[in-house]
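Architecture and fold: a report
The chain contents come next:
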Protein chains: 4
Amino acid sequence: MSRPLGVAVIGYSFMGKAHSNAWRNVGAFFPETPAVRQQVLVGRDADAVATAAARYGWHDSATDWRAAVARDDVDIVDICTPGDSHAEIALAALAAGKHVLVEKPLANTVAEAEQMVTAAKAASARGVRTAVGFNYRGVPALALARRLVAEGRIGQVRQVRAAYLQDWLADPAAPMTWRLRRESAGSGALGDLGSHVVDLVQHLLDDPVVAASGRLRTFVPTRTGPRGPEPVTVDDAAWATLETRAGGVAGLEVSRMATGRKNGLTLELYGDAGALSFDLERLNELQLHDGLGGPTTGSQRILVTEPEHPSLHAWWPPGHVLGWDHTFTIQAAELLDAIAAGTDPSPSFADGLGVQRVLDAIERSAQQDGRTQTIADDGHE
Amino acid sequence: MSRPLGVAVIGYSFMGKAHSNAWRNVGAFFPETPAVRQQVLVGRDADAVATAAARYGWHDSATDWRAAVARDDVDIVDICTPGDSHAEIALAALAAGKHVLVEKPLANTVAEAEQMVTAAKAASARGVRTAVGFNYRGVPALALARRLVAEGRIGQVRQVRAAYLQDWLADPAAPMTWRLRRESAGSGALGDLGSHVVDLVQHLLDDPVVAASGRLRTFVPTRTGPRGPEPVTVDDAAWATLETRAGGVAGLEVSRMATGRKNGLTLELYGDAGALSFDLERLNELQLHDGLGGPTTGSQRILVTEPEHPSLHAWWPPGHVLGWDHTFTIQAAELLDAIAAGTDPSPSFADGLGVQRVLDAIERSAQQDGRTQTIADDGHE
Amino acid sequence: MSRPLGVAVIGYSFMGKAHSNAWRNVGAFFPETPAVRQQVLVGRDADAVATAAARYGWHDSATDWRAAVARDDVDIVDICTPGDSHAEIALAALAAGKHVLVEKPLANTVAEAEQMVTAAKAASARGVRTAVGFNYRGVPALALARRLVAEGRIGQVRQVRAAYLQDWLADPAAPMTWRLRRESAGSGALGDLGSHVVDLVQHLLDDPVVAASGRLRTFVPTRTGPRGPEPVTVDDAAWATLETRAGGVAGLEVSRMATGRKNGLTLELYGDAGALSFDLERLNELQLHDGLGGPTTGSQRILVTEPEHPSLHAWWPPGHVLGWDHTFTIQAAELLDAIAAGTDPSPSFADGLGVQRVLDAIERSAQQDGRTQTIADDGHE
Amino acid sequence: MSRPLGVAVIGYSFMGKAHSNAWRNVGAFFPETPAVRQQVLVGRDADAVATAAARYGWHDSATDWRAAVARDDVDIVDICTPGDSHAEIALAALAAGKHVLVEKPLANTVAEAEQMVTAAKAASARGVRTAVGFNYRGVPALALARRLVAEGRIGQVRQVRAAYLQDWLADPAAPMTWRLRRESAGSGALGDLGSHVVDLVQHLLDDPVVAASGRLRTFVPTRTGPRGPEPVTVDDAAWATLETRAGGVAGLEVSRMATGRKNGLTLELYGDAGALSFDLERLNELQLHDGLGGPTTGSQRILVTEPEHPSLHAWWPPGHVLGWDHTFTIQAAELLDAIAAGTDPSPSFADGLGVQRVLDAIERSAQQDGRTQTIADDGHE
C-alpha cells in the first residue's frame, strides 16, 4: 500500500473520542495492518471540533460531513453521530467509494437498515468494505468464548441468560435528555443496550434468532428537562425471550435503572457439554465450566491475557489487563485487515440489520401483550 | 405447656431426612420454643421406615398415615410425601385437629390448593395452625433481605432478576424418572424450582404477582427408563416475566439443564434507593448496594452470621456459617412459635395457593404463545 | 457392638454446644459408624449444665468430671474445657480406659502435650483411642484438597500462603477477658488461630514444619475489664514463615484485629503442577488451578457437595451446602470409625504436640528478633 | 508554554512500548497538562529502534543516548533501560538540565540510588524535575485507597497483608535469562515485584518502613540457557515482615512461581476503623469495609470508574473500565503537571531510594537467619 489510509471520523463526543483513540493507537499494537492517517474529525461546532481534533491527534477538522466524505485523502469514513443520521452519511460515503464503519445501532429503523445493507452489498462488489460497531465482539474474552463454542467445547448451547444493566437513570431526579425521547432516540434501553446483547447472542452461537417475545417498562414516566416536566417516551427496561434457529432459548433483560450496575453486560451460556459466562465489568475474564461434572470440575476463571488469546499478542505480558477502550482498537484493526485482504469484515451491515429485526420483534411483541413474533431471516447472512 | 408436642413426619426420603433433622435439633438451638417429641415416622415400606426412624431419632415408625395422624400423642403432622398426596393427608390431619406443615408445593393443582386453604381457614378458627414448607424464607440472608426491603432500605423495588438453575438433567443420558412425567410430577422445573422463586419474589417484596407471561421448553424430549425410551412430559426449563401489584417487574428463569449450576437460586432486587442480591450456593451472604452512588458506594458482601441477624442468635459466633439444612430447623422453630403464640405462621397455605396460581398463569401463557395472563388475587392474603 | 458407646462431654459452652450437636447427629448421617448414646454432660454449675444437657439431648448432667470419666456407661470422654485442664482430664480418662477426644489446642504447654502423647501411646497398645479436635481437617473441601495433594494433582508444593483473620478485637473498646491474659490463655491469636493453620499446613502437605521464624504484636496493650484497665499479655496478631522438611515455605498471618474478617481462614497452596485455595467463610468451595497454563486454564471453583466428595455421601444432593457445625459431626464419625476399626484416628495427640512445637518455635523466634528456630521432629509421627 | 515539551525515551522493549503509549496518549486524555512531542526513541539496534519509533509514534530514533539527552529539542528524558544503567543516564540527563523519569527500580544498588537522590536535589533547586516509575500509584483504585487512608476512613492502619504473585517461572523447564543472574538483575522476585509492594505500603500509609525481617528462596536452583545448565543466583520468592514508623506491621510475599497467578499484586489494609483491599488483576475495583461492624456492614466492591474518582474524569463514563497501560498515561500526566506547577512530582527519587533501603534490609535479614534489620530513614523525605 503506497500511502496510509486516510480516516475521517464524523462526531466528536463520547463515541468520537473512543474511535479517535482507536485510530491513534491501532498502528502501535497492530503493525501488520495497513497504516492509517488521522485525516479529519468532523462536527457541527467549528471551534469545539477543532479543539477536539487537536487533542485527539487529527490533522484537520471540519464542519461539513458531505465535503469530508468526498475528500480524496479520505479512504475510511467512521460514523459516530446519533442513529438518525447513520443512513444518510453512510449512503453518501459508499456512493463516494469510501469504506464505512458505522457505530451501532446501524440505523434507527429497519427500513433504513435494509437500504444500507443493499448499498453495502453493491459496494462490496466494488471492493468497498462496510462494518457496524458492535465493538464487544472484539473483547478478547468474548472472542475466546466464540472460539470455544465453535470448537464444540460446551456442546450444543441450549440456554443463554443475558443482561445489560446500568443505573444512570435509577434516580427519578435524573434530567430529561434526547435519549429519552422516542423521536430522537428510537428506543430506550432496548435499542441502546439490547442491541449489544442480541448481537452477541447471535455472534457467539453463530445462530440467528427466529422468534421473540418481549415486555417493556418505563418506570419513571416523567422527567424534568430545561423546559420543565416532559413525558419519557422510551423504555427504561426491557425483557425478552428469544428462540434461535438451532433451538436454543435466550432470556434477556436490559435496564438503565438497575441500581449499582454500571456497565453490567453479563452473559451465561449453558451447553450440553459445558458452560461459559462473562461480565463486562471484568472484561479480562471468562468463566468456563468444562464438562458435565465430576469431583474436580467447577467453573474456572480464565484471565484472558495470554499471548494465545484473541488479539492479546498485540498487547502486554500475561496478567496485564486491557481496558474498555482497547475493544475499539481491535475493531479498527479488524476493519483494516479486511480492507487489506479484500474480504467483508465482521460485524457486517447485514449483522446490524439482523439485530434491528430482533429488536423490532421484541417491540411488536410488547405491544401485543407478549405474544411471540417470528423474525424473517432473509437478511441475516 | 405440660408435655412436648408430638410430631409425625409422613415420608422418609430426601425431605423426610431433612425434616427429621429439623425436629431433632430445633430444641437445642431454639430452647424458647415449645418442646417437641419425635413421635412417629411414617412410610410405606415397614422395614425401611423402621430403619430410617431409628437412624433419625424417632420413637416409633408406622406404615399407615391415617392411623398416625389420628394418634393422641401426635400434635403436628409434617407432610413430606409427593405433591399428589398432600391434599388428602393435610385434610385428614386438619380434620383430626392436628397442626399441619406441608412440604412445597402445597398441592399439584390449584383446585386442591384452594380446598386446603378453605380447610386451613376453618382450622385456624379452632386454633389449629397450618404452614407450607418454603424453607428458603428462613435463610437468614433472605430474612435480612426482607427486613431491609420492608424498612425501605433499597426503596421501591422496580425490578427483580431471579433464577433457579440446576444441572442434574444436563446430560441427555440421565435416566427417566417419575419427576419427568406430567401425571406424577405435575410440572418440571417450573413447579419444582419456580415455586421457590415465585414465593420469594412475593415474600421479599410483600407484593403479589398480578400478571405473568411465560415460555417452557423441554430440551431432551425422550429419556430412557427401566422400560426403555419414554417421552418427557414436563418442562426442562421455564422463563417468565411477572408483574406485581405495586408495579414491579420480575424476570424469572429456572432450569435443570444449566450446566455447572448445582443449586443456583439467585435473586437480584433493584430498588429506587439501592439493591440486594443473593445466591443460595453462598447462602450465608447477602449483597447490599446502599444508595444510588458516590465515590465510596459499591455492593457490599454482608456475611449474615452476626447475632443481630435473623435467627443467628440461635447458632454460633460471627463467621461460623450455617448450612442448607439449618433452614428447616428455622422453619420448625417458626411453626412452634406460632403454635405457642396462637397466631398463623408464615408461609401459610394461602401463600402456597398464591404461588400455585402464578405457576398456573405461566403455564397458560406458555400455551398461548406467551400472551400475558392475569392472576386473581382473592386468595393471596 | 452390643450397646451404643456412651459419651461424656466435659464443658458446655461454645465448644460443648458444638460437640453436643455432633454427638446428637452423627448417627443420622453416618449410620455405618458405631451407635452412640449421649450419656452425660459435665460442667461446674449444676443448674446451668442440667439446662444445657436437657437442651442438647443428654441423658444426664454432672458437675464432677472425675466421677463422670469413671462411669461404666461412659466409653468416650470428649474434653471441651479451657486448655489448662486438658492434660489432667485426658490423663485421668485414659487411666480409666476411655477413648479420649480433646479440643484443640492439645495442651497449653509443650511439656503437658508430651506427657499426653506418652499416655496416648500406652493407651493405644491397650486398644484405647485418642484424638485432638482439629475439626477443620474434616471440612470436605479441605479433605478434598489433601486428597488432591496426595495424588500429586498440584505437584510438589513449594509455597503456602495462609492466614486466619478475625476482627472481634479490632475495637479498642472491646473488654478485657481471660483470653487476653497469658496465665489463663497461654497465648493469643497465635495459639487460638495459628494452631489451626499450622495443623492444616502439616496435614494438607503431609510434611512436617522443621523451622520457623516469627513476629508477634499486641496492638492494644491495655483493655478495660470489670476491675478497670489491665495489660493485655498475649499477642493480638502473629506472623511467621515456616519451612517444611520437603523444602516448602509457608507464610502465615493470624489476627483478631483484621477489620471485616469474621472467620477468615484462607489457604493458598502453590505447587509445581497446580494450585489450590480455600476460604473458611465459603467452606463448601475449593479453588483448583490444574496445570501450569494454556488458553483455557484458570482457577476453578469446585462446589464440594458432590456425593463423591469426602463425607458428602452422608448429607444432601449436590449444591445443598454444609455449615460450620457439620465439621464436628464428621470429626465424631471419624473417631467412631477408628474405634470400630481398632486403628489410631487422625488427628492424633502426636499431631497436636507437633503443632505445639511449631507454635513454641514461633514464640521463641519472636523473642529473639525473628531469628529462625528449628523444631525437633521426634514427636511428629 | 511556547512549544510542546520534547520527550526522549531510552529503551524500546516492554517498558519502552508502555511508556511510548503513555506519551502518545497523554494529551488526548489530559488536555490541561503541558503539550508534549514524541521527539526521539533511543535504542542500541538502529534498525529495530527505527521500526519501533515509527510504530509507536516517534518523530525520530537514535542509538546514542548521550547525544539524545543533550538535544535541545528534548526536555524530558524517560529511562526504560535495565536497572544497571539508570544512574549513569539519569545523572547525564540531569547534568544536561532535563527533567528525568526513571523506570523502577531507581537503581540496582543503594549507593547509586543515593547518588541519584543527591543529584535530583540539586536539580530541583534549578527547576528540574525527577520522578521514578512506580506506576501503580496511579491506578485509580489505589489513588482512591490512599485518599481514604489519608482521610482517616479506615482509621489507624495496623496490619497490611501484601503479595505480588506471578507464575512465569513455575515451570522448572522455563529457560535461564539475564533476570535470573545476580550480576545483571541485582535481585529476583524481591527487587522486581517487592519494590512495587514496598513502595505501595509506604505510599498508601504515608508512613515509612523502619525495620524488616526476611526470607528468600530459590526453588529451582539450576536452569538451562543457551550455554547449558547454569545456576540461578537470585531469589524465586521472598517473604518479609515490615514495621512502619507509626507502628503498623506489613506481611509481604512475592513470587514468580505462584502457579495460576499472572499479575497478582494484592493488598489488604486493616485499620482500627475499617479495611481496604485490592487486586491488580481486577484493577478497576477497590474493596472497602467501612466501620467495625453491624448488621448491614460488609466489604463493598467499589467499581472505581466514577468521574469523581482519581484520574477518571479523563476517561469514560462509569463502568467503562481502564486497563493496565493507562497507569503509565496517568504517570506521564502527573509528571507534566509537576513540571507546569514547578513542584516536585511523586514518586520522587527519594521515594525510590527509600524502597531500595527496605529491600536491602530484607536481603540482609535473610542472610542473618531472619534477624530484624533497622532502616535508616534520613533519605525518606
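Numbering of residues starts from 1 in each chain and follows the order in which that chain's sequence is written. Ligands are numbered from 1 and chains lettered from A, in the order in which they are written. Selection of residues for local features in this predicted model requires a pLDDT of at least 70, selection of side-chain atom pairs for listing and counting requires 80 or more, and totals for whole chains, interfaces and linings are taken over all residues.

1. A look at the overall build of chain A
- We count a stretch as a helix when DSSP gives it H or I for four or more residues in a row; a strand needs E for two or more, and each element gets its number in order from the N terminus. Per the secondary structure count, chain A includes 10 helices and 17 strands.
- The globule rule puts the C-alpha radius of gyration for 381 residues at 21 Å, and the 21 Å found for chain A is close to it.
- Taking the principal axes of the C-alpha coordinates as reference, chain A spans close to 60 × 55 × 40 Å.
- Burial is judged by counting other C-beta atoms within 10 Å of a residue's own C-beta: 20 or more means buried, 12 or fewer means exposed, and anything between counts as partly exposed, with every C-beta placed from the backbone. Looking at chain A residue by residue over its 381 residues, the buried ones come to 64%.
- Contacts spanning at least 24 positions in sequence make up 69% of the contacts within chain A whose residues lie at least 6 apart. Radius of gyration: over C-alpha atoms. The globule rule applied is 2.2 Å multiplied by the number of residues raised to the 0.38 power. Residues are scored as being in contact if the C-beta atoms we place from backbone atoms lie within 7 Å.

2. A closer look at the domain arrangement of chain A
All names here are of chain A.
- Each domain span listed reflects an automatic or database assignment of domains. Structurally, chain A comprises domain 1 (5-136) and domain 2 (139-374).
- Contacts between the two partners involve 37 residues from domain 1 and, on the opposite side, 38 residues from domain 2.
- When contributions to the side of domain 1 that touches domain 2 are tallied by element, the ones reaching two or more residues are α1 (14-29), β5 (99-103), α5 (110-125) and β6 (130-133).
- At 8 residues, α1 tops the list of elements feeding residues into the side of domain 1 that touches domain 2.
- Charged means Asp, Glu, Lys or Arg here, nonpolar means Ala, Val, Leu, Ile, Met, Phe, Trp, Tyr, Cys or Pro, and polar covers whatever is left, Gly included. In the side of domain 1 that touches domain 2, the residues fall into 21 nonpolar, 12 polar and 4 charged.

3. Side note on the nonpolar core
- Each nonpolar core consists of buried Ala, Val, Leu, Ile, Met, Phe, Trp, Tyr and Cys residues. Their C-beta atoms, within 7 Å, join them into a set. Core analysis: the largest hydrophobic core is formed by 532 residues, its most contacted members being A:Val201, B:Val201, C:Val201 and D:Val201.
- If we ignore the near neighbours within four places in the chain, the residues touching D:Val201 are D:Val160, D:Ala162, D:Val209, D:Leu242 and D:Ala250.

4. Some remarks on the pairing of strand β1 (residues 5-10) of chain C
All names here are of chain C.
- For β1, a buried count of 6 out of 6 residues is recorded, marking the element as mostly surrounded by other parts of the structure.
- Of the two faces of β1, the one lined by Leu5, Val7 and Val9 and the one lined by Gly6, Ala8 and Ile10 are each fully buried.
- In the sheet, β1 pairs with strand β2 (residues 36-42) via 6 bridges, with the strands oriented parallel. Residue pairing for β2: Val7 is matched across the bridge by Gln38.
- When the strands point away from the viewer and the path from the first strand over the helix to the second turns clockwise, the crossover is right-handed. Between the parallel pair β1 and β2, the chain is carried across by helix α1 (residues 14-29), and the sense of this crossover is right-handed.
- Examined bridge by bridge, β1 and strand β4 (residues 76-79) share 4 bridges and lie parallel to one another. Paired with Ile10 across the strands is Ile79, a residue of β4. Strands are labelled as partners when DSSP assigns at least two bridges between them.

5. A word on the interface of chain C and chain D
- With 34 residues of chain C at the interface, the matching set in chain D holds 34 residues.
- The set of elements that each furnish at least two residues to the side of chain C that touches chain D consists of β7 (157-165), β8 (209-217), β11 (237-244), β12 (249-255), β13 (264-271) and β14 (274-279) of chain C.
- When its residues are assigned to classes, the side of chain C that touches chain D shows 12 nonpolar, 13 polar and 9 charged.

6. Considerations on the relation of the copies chain A and chain B
- Once chain A has been moved 0.0 Å along the axis and rotated by 180 degrees, it coincides with chain B to within an RMSD of 0.0 Å. Taken together, the rotation and translation describe the operation of a two-fold axis. Considering only C-alpha atoms, the part of chain A nearest the rotation axis is A:Arg371, at 2.4 Å.
- In this assembly, 100% of the residues forming the interface of chain A have copies in chain B that are likewise at the interface, indicating an isologous arrangement. We place the copies in one frame by least squares, fitting the C-alpha atoms of every residue whose pLDDT is at least 70 in both.

7. A closer look at the confidence of the model for chain A
- Per-residue confidence from the predictor is reported as pLDDT, a score between 0 and 100. When pLDDT is averaged along chain A, the result is 96, and 98% of the positions lie at 70 or above.
- Our summary of model confidence lists the complex with pTM equal to 0.96 and ipTM equal to 0.95.

8. Re the sheet that holds strand β3 (residues 60-62) of chain C
Residues and elements named next belong to chain C.
- The 6 strands lie next to each other as β3-β2-β1-β4-β5-β6, forming an open sheet whose pairing is parallel. The sheet terminates laterally at β3 and β6 (130-133), the two strands that pair on one side only. Along the sheet, successive strands turn relative to each other by an average axial angle of 20 degrees, direction set aside.
- Bridge analysis of β4 against strand β5 (residues 99-103) gives 4 bridges, and the strand direction is parallel. Each residue of the ladder has a partner; that of Ile79, found in β5, is Val102.
- Interaxial angles span 0 to 180 degrees and are taken between N-to-C directions of axes, which are lines fitted to C-alpha atoms, for helices over the stretch in contact. Contacts between helix α4 (residues 86-95) and the sheet are confined to β1, β4 and β5, with β5 contributing the most and set at about 170 degrees to the helix.

9. Things to note about the interface of chain A and chain B
- With 34 residues of chain A at the contact, the number on the chain B side is 34 residues.
- Of all the elements in the fold, those that place two or more residues in the side of chain A that touches chain B are β7 (157-165), β8 (209-217), β11 (237-244), β12 (249-255), β13 (264-271) and β14 (274-279) of chain A.
- Along the lines of polarity and charge, the residues of the side of chain A that touches chain B split into 12 nonpolar, 13 polar and 9 charged.

10. A word on the sheet that holds strand β5 (residues 99-103) of chain D
All names here are of chain D.
- With parallel pairing, 6 strands are arranged side by side in an open sheet as β3-β2-β1-β4-β5-β6. One side of each edge strand has no neighbouring strand; the edge strands of this open sheet are β3 (60-62) and β6 (130-133). Each strand of the sheet is rotated relative to its neighbour by a mean of 20 degrees, with strand direction disregarded.

11. Side note on the relation of the copies chain C and chain D
- With an axial shift of 0.0 Å and an RMSD of 0.0 Å, the rotation relating chain C to chain D amounts to 180 degrees.
- Both copies present the same face, since 100% of the interface residues in chain C are matched by interface residues at the equivalent positions in chain D.

12. As for helix α6 (residues 140-150) of chain A
Residue and element names in this part refer to chain A.
- With respect to burial, α6 is a largely interior element, 8 of its 11 residues being buried.
- Restricting attention to buried positions, one finds in α6 the residues Pro140, Ala141, Leu142, Ala143, Leu144, Ala145, Leu148 and Val149.
- After α6 finishes, the residue Gly152 shows a positive phi value of roughly 80 degrees.

13. What to know about the environment of D:Ala141
All names here are of chain D.
- Relative to the elements of secondary structure, Ala141 occurs in helix α6 (residues 140-150).
- For Ala141 and Asp279, which are 138 residues apart along the polypeptide, the C-alpha to C-alpha distance reads 9.6 Å.
- With near-sequence residues (within four places) excluded, Ala141 lies in contact with Phe278, Leu283, Asn284, Glu285, Leu286 and Val304.

14. Details of the packing of helix α1 (residues 14-29) of chain D against helix α9 (residues 326-341) of chain D
Residue and element names in this part refer to chain D.
- Contact geometry for α1 and α9: axes closest at 8 Å, N-to-C directions at 65 degrees. The handedness of the crossing between α1 and α9 comes out as right-handed. Facing Ala18, His19, Asn21, Ala22, Trp23, Asn25, Val26 and Phe29 of α1, the residues of α9 in contact are Phe328, Thr329, Gln331, Ala332, Ala333 and Leu336.
- Tallied by class, residues from the contact of α1 with α9 come to 9 nonpolar, 5 polar and no charged. The hand of a helix crossing depends on one turn: near helix anticlockwise from the far one by less than a right angle means left-handed, and clockwise means right-handed.

15. So, unusual backbone geometry
- The omega torsion across A:Lys104 and A:Pro105 is -5 degrees, close enough to zero to call that bond cis.
- Locating A:Pro105 in the fold gives a position in the loop between β5 and α5.
- Despite not being glycine, B:Ser311 has its phi angle at roughly 70 degrees, a positive value.
- Position of B:Ser311 among the secondary structure elements: in the loop between β16 (299-303) and α9 (326-341).
- What makes B:Ser311 buried here is the crowd of 21 C-beta atoms within 10 Å.

16. Overview of the packing of helix α4 (residues 86-95) of chain A against α5(A)
Residue and element names in this part refer to chain A.
- Running from N to C, α4 and α5 point in directions that differ by 15 degrees, and their axes come no closer than 10 Å. Classed by the angle they form, the pair α4 and α5 counts as roughly parallel. In terms of crossing hand, the pair formed by α4 and α5 is left-handed. Touching Ala87, Ala90, Leu91 and Leu94 of α4 are Glu112, Gln115, Met116, Ala119, Ala120 and Ala123, all from α5.
- Residues belonging to the contact of α4 with α5 are distributed by class as follows: 8 nonpolar, 1 polar and 1 charged. The scheme is simple: roughly parallel for angles under 35 degrees, roughly antiparallel for over 145, roughly perpendicular for 65 to 115, oblique for anything else.

17. Looking at the pairing of strand β2 (residues 36-42) of chain B
Residue and element names in this part refer to chain B.
- For β2, the tally of buried residues reaches 5 of 7 residues, placing the bulk of the element in the interior.
- Bridging between β2 and strand β3 (residues 60-62) involves 3 bridges; their strand directions are parallel. Directly across from Leu41, in β3, lies its bridge partner Ser61.
- Chirality of the crossover, the property in question, places the unit of β2, helix α2 (residues 46-56) and β3 among those that are right-handed.

18. Some thoughts on helix α4 (residues 86-95) of chain B
Residue and element names in this part refer to chain B.
- For α4, the complete set of buried residues consists of His86, Ala87, Ile89, Ala90, Ala93 and Leu94.
- Those residues of α4 hidden inside the fold are in contact with β1 (5-10), α3 (65-70), β4 (76-79), β5 (99-103) and α5 (110-125).
- A positive backbone phi angle near 80 degrees is found at Gly97, which sits one or two residues after α4.

19. Here we look at the environment of D:Gly6
All names here are of chain D.
- Residue placement: Gly6 occurs in strand β1 (residues 5-10).
- Through-space distance from the C-alpha of Gly6 to that of Gln39 is 5.4 Å; in sequence the pair is 33 residues apart.
- Leaving out residues up to four positions away in the same chain, Gly6 has contacts with Arg37, Gln39, Asp73, Val74 and Asp75.

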